[in-house]
Amino acid sequence: MAALEGVAASPGLGIGTVMVIAEPCLAYEVVEVADAEAEKGRLHSAIEAFSVLTREKAEVVRGRVGDAEAAILEGHVLMISDPFMVAEMDNLIDAGQCAEAALDTVCETFAAMFEAADDDLTRQRAADVRDIKSGVLCQLLGVREVDVSRVPRGTVLVTHDLVPSMTAGLDRDNVVGIVTETGGMTSHSAILARALEIPAVLAVPDAVQELPEGAQVIVDGGEGVVTVAPDEAELAAARVRQEALRREKEALQRFVGKKTVTADGCQVELFGNIGSVEDARAVVDNDGEGVGLFRTEFLFMDGGAMPTEEDQFRAYQQAALIMKGRPVIIRTLDIGGDKDIPYLGLEKEDNPFMGFRAIRYCLAREDVFRTQLRALLRASAFGDVRIMVPLVTGVEELRQVRALIRRYADEFSREGVACNKDVPVGVMIETPAAALMADALAAEADFFSIGTNDLTGYTMAVDRGNDRVRYLYSTFNPAVLRSIRSVIAAGTEAGIPVGMCGEAAADPLLIPLWISFGLTEYSVGPASILATRAAIAGWNHEKARALAAAVMEAVTPDEVLDLLKAASA
Ligand code: PEP
Ligand code: MG
């Protein structure tokens, strides 16, 4: 049936019934007050009632989710207890305003102040202040807040925005999915949904309108798709997948704490792909051995303004600290193509995937690139940080990046700022040009990481978004496989590590090929780490080489797929 798409914010598959959480109507009448003391009393009682309720919610959250999440709500109580904030409201009441208007004015002033801050964390507090304002207004107006703690089993919450106070009583036994119209990977809603392990799809346009109360839906938080009114076949398929996911997850626990080795004892590295600091925690939780791809564009996409050097430094430093000395490969800004950042004002292009994107943009915008490279260099003092360049087409791009890094590292050494001036610099191999020049690139790069998502598209000359030609987009195509094989051979010949961070690294059907080609590092989504370790453990080199020899004789993707499926059956 109909399917809506959004941000895949929390993986898993939920089947349930839509409950639309409408925001309470908090419109109030502005009146002039004669008795300021009584009005202040009314405001203080409302703040007190709000604080009591919020502390109770924090306790529920502590039990159901954890301390960090409870702290968000406790922070609300602290914020509204700030004597300066309350005094400001009292002053306005003394000047004749009603409690509602005084609260509104002061909270909005604080929110605007937070929004103007340089760092992401402070900016996020604007949402907290508005959340507090709504809570206290509910008390003043006698409006009952939405109570999500008592929703029936099998509920899919659909709402414009899932604010922290709303998620407070949220029970993962009853809520099987979350769909919102706003929010990104690092929004509070996404963090909470992941902490609760509830499948969530965020930023679905017009979700509240498109998903009617009581409708049955399938929320696929791994793919970012909501299927509305699924038919029997879709439901049956979803249930089968759900059960399979549950069993798989259970069985994979035996790989926790184990090395990533083939059946014949050859060890490789198994890293996680991340888009935020929170994801780095998910890599640790899933027993990943490092970060193989930090997609830094998410730091740029989530806020309404460019992250400062300080914002970026903190994010990269935190990722490095969380990984405790294990490798953290951070990719420089990869925008353009399908990743737009409105405030950068990129011009519309007829062919954005072939256009002004990724390293092409960064080398042309030295101001933006300088900020990021400086932040990366500073973070390199806090762990095994490595820099990776996207969409490289030749050695001159790598040389330019290295020259900039050298220049900024020299600046830091003059200023006495700690950084690793020998920070490893690697390239993503995701264009046919880079694949064909792999030997030359390998002579100058510290490592390779194969971006199979783009390499497949560019090798096949296919725009994934175009339905008419999507059938050609397949990493199983022999042309793509030959390209990957020769890239790994070139890297191996030059003695540099060769990893893969595209989706194909986690495809169990393809893993025997990667083993036989000599891939040394796999970087996959955090939720796929254990499954990939298990798949690698299922192959020895002799078996993998025999299969690869047959597969590489095949001349169509179907022949490849048939051979790989037969071998995994
Ligand atoms: C890739 O192209 O394979 C890759 C990992 O980069 P992204 O998916 O971010 O383009
Ligand atoms: Mg790519």
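Provided above is the structure to which this section pertains.
Here we summarise the structure given alongside this text. (Residues numbered from 1 in each chain as written. Chains lettered and ligands numbered in written order. Predicted model: local features only at pLDDT ≥ 70, side-chain atom pairs only at ≥ 80, totals over all residues. Heavy atoms only, no water.)

At 2.1 to 2.2 Å from the magnesium ion (ligand 2) lie its protein donor atoms, namely E430 (OE) and D454 (OD). Taken together, the positions of E430 in the loop between β13 (425-429) and α16 (432-436) and D454 in helix α18 (residues 452-460) put the pair 24 residues apart, joining distant regions of the chain. D454 shares its class with E430; the two are buried. (Donors = N, O, S within 2.8 Å, 3.2 Å for Na, K, Ca; no water. Helix = DSSP H or I, 4+ residues; strand = E, 2+ residues; numbered from the N terminus. Buried < 20%, exposed > 50% of the residue type's maximum accessible area, 1.4 Å probe, protein only.)

We now examine the site of ligand 1. Residues in close proximity to ligand 1 total 13 residues, the closest being R295, R331, E430, G451 and N453. At 3.4 Å from an oxygen atom of ligand 1 is found a main-chain nitrogen or oxygen belonging to G451. Within the backbone of N453, an N or O atom sits 2.7 Å from an oxygen atom of ligand 1. Burial of ligand 1 by the protein chains amounts to 93% of its free accessible area of 290 Å². Contributions of two or more residues to the shell around ligand 1 are made by β10 (291-295) and α18. (Near = heavy atom within 4 Å. Polar contact = N/O pair within 3.5 Å; in protein donor to acceptor, adjacent residues only side chain to side chain. Areas by Shrake-Rupley, 256 points an atom, 1.4 Å probe, with all protein chains shown as cover.)

The residue E39 is located in helix α1 (residues 36-64) in this model. For E39, the side chain forms a polar contact with the side chain of R42, separated by 3.1 Å. The residues touching E39, leaving out its near neighbours within four places in the chain, are V33, I93, Q97, C98, A99 and E100. (Contact = heavy atoms within 4.5 Å.)

Next up on the list: the packing of aromatic side chains. Per the counting criterion, the structure on display carries 5 aromatic pairs. In this structure, K543 packs its charged tip against the face of W539, placed 4.7 Å from the ring centre. (Phe/Tyr/Trp six-rings, centres within 6.5 Å; stacked < 30°, edge-to-face > 60°. Lys NZ or Arg CZ within 6 Å of the ring centre and 35° of its normal.)

Next up on the list: the pairing of strand β11 (residues 327-331). The two faces of a sheet get side chains in turn, since along a regular strand they alternate between them. Of all 5 residues making up β11, 5 are buried, and the element is well covered by its neighbours. Side-chain alternation along β11 places P327, I329 and R331 on one buried face and V328 and I330 on a second face that is also buried. With 3 bridges connecting them, β10 and β11 associate as parallel partners. Paired with F294 across the two strands is I330, which belongs to β11. Both β11 and strand β12 (residues 384-389) contribute to a ladder of 5 bridges, which runs parallel. Pairing of V328 across the sheet is with V385, part of β12. (Pairing = 2+ DSSP bridges.)

What follows deals with the sheet that holds strand β4 (residues 155-159). Here we have 8 strands laid out as an open sheet, ordered β1-β8-β7-β3-β4-β5-β6-β2, and mixed in their pairing. The open sheet is flanked by β1 (3-5) and β2 (7-10), the only strands paired with a single partner. With strand direction ignored, the average angle separating the axes of adjacent strands in the sheet is 30°. Pairing geometry for strand β3 (residues 13-21) and strand β7 (residues 216-220), over 5 bridges, is antiparallel. When the bridges of β7 are listed, G16 appears paired with V217. Each of β3, β7 and β8 (225-228) touches helix α9 (residues 232-252); the most contacted strand, β3, lies at about 115° to it. (Axes fitted to C-alpha atoms, helices over the stretch in contact; angles between N-to-C directions.)

With 21 residues, α9 should cover 30 Å at 1.5 Å per step; its first-to-last C-alpha distance of 30 Å lies within 8% of that length. When we look at burial in α9, the residues that qualify are L235, A238 and L252. Angular distribution of buried residues about the axis of α9 spans 130°; they occupy a single face of the element. When the buried face of α9 is taken as reference, the exposed residues oriented beyond 90 degrees from it are E232, A233, V240, R247 and E250. On the buried face of α9, the contacting elements are β3, β7 and α21 (529-537). (Expected span 1.5 Å × (residues − 1). Arc of directions from axis to C-beta.)

Turning our eyes to something else, we now look at the state of the cysteines. Evaluation of the coordinates by the stated rule reveals 0 disulfides. Summary of cysteine pairing: C362 is not part of a disulfide, and the nearest cysteine sulfur, belonging to C501, is at 16 Å. Not engaged in a disulfide, the cysteine C419 finds its nearest cysteine sulfur in C362; these two sulfurs lie 19 Å apart. Looking at C419, the relative accessible area reads 22%, which means it is partly exposed. (Disulfide = S-S within 2.5 Å.)

Time to look at the environment of V487. The residue V487 is located in helix α19 (residues 478-494) in this model. Overall, V487 belongs to the buried group, its relative accessible area being 0%. For the pair V487 and A434, spaced 53 residues apart in the sequence, the C-alpha separation amounts to 8.7 Å. Setting aside chain neighbours within four positions, we find V487 in contact with I429, A435, A438, F448 and I450.

On to the pattern of salt bridges. All told, the structure shown has 30 salt bridges when counted by the stated rule. A salt bridge links E309 to R378; the shortest N-O distance between them is 2.8 Å. Of this pair, E309 sits in helix α12 (residues 309-322) while R378 sits in helix α14 (residues 366-379), and the two are 69 residues apart along the sequence. For the pair E309 and R378, one class covers both residues: buried. Ionic contacts of the salt-bridge type, sharing partners, join the residues E309, E310, R370, R374, R378 and E411 into one network. (Salt bridge = Lys/Arg side-chain N within 4 Å of Asp/Glu carboxyl O.)

What follows covers helix α4 (residues 99-115). The periodicity of an α-helix, 3.6 residues per turn, causes residues three or four positions apart to be oriented the same way. Taking 1.5 Å per residue, 17 residues should reach 24 Å; α4 reaches 24 Å between its end C-alpha atoms and fits that length. Taken residue by residue, α4 has A99, E100, A101, A102, L103, D104, V106, C107, F110, A111 and F114 as its buried positions.

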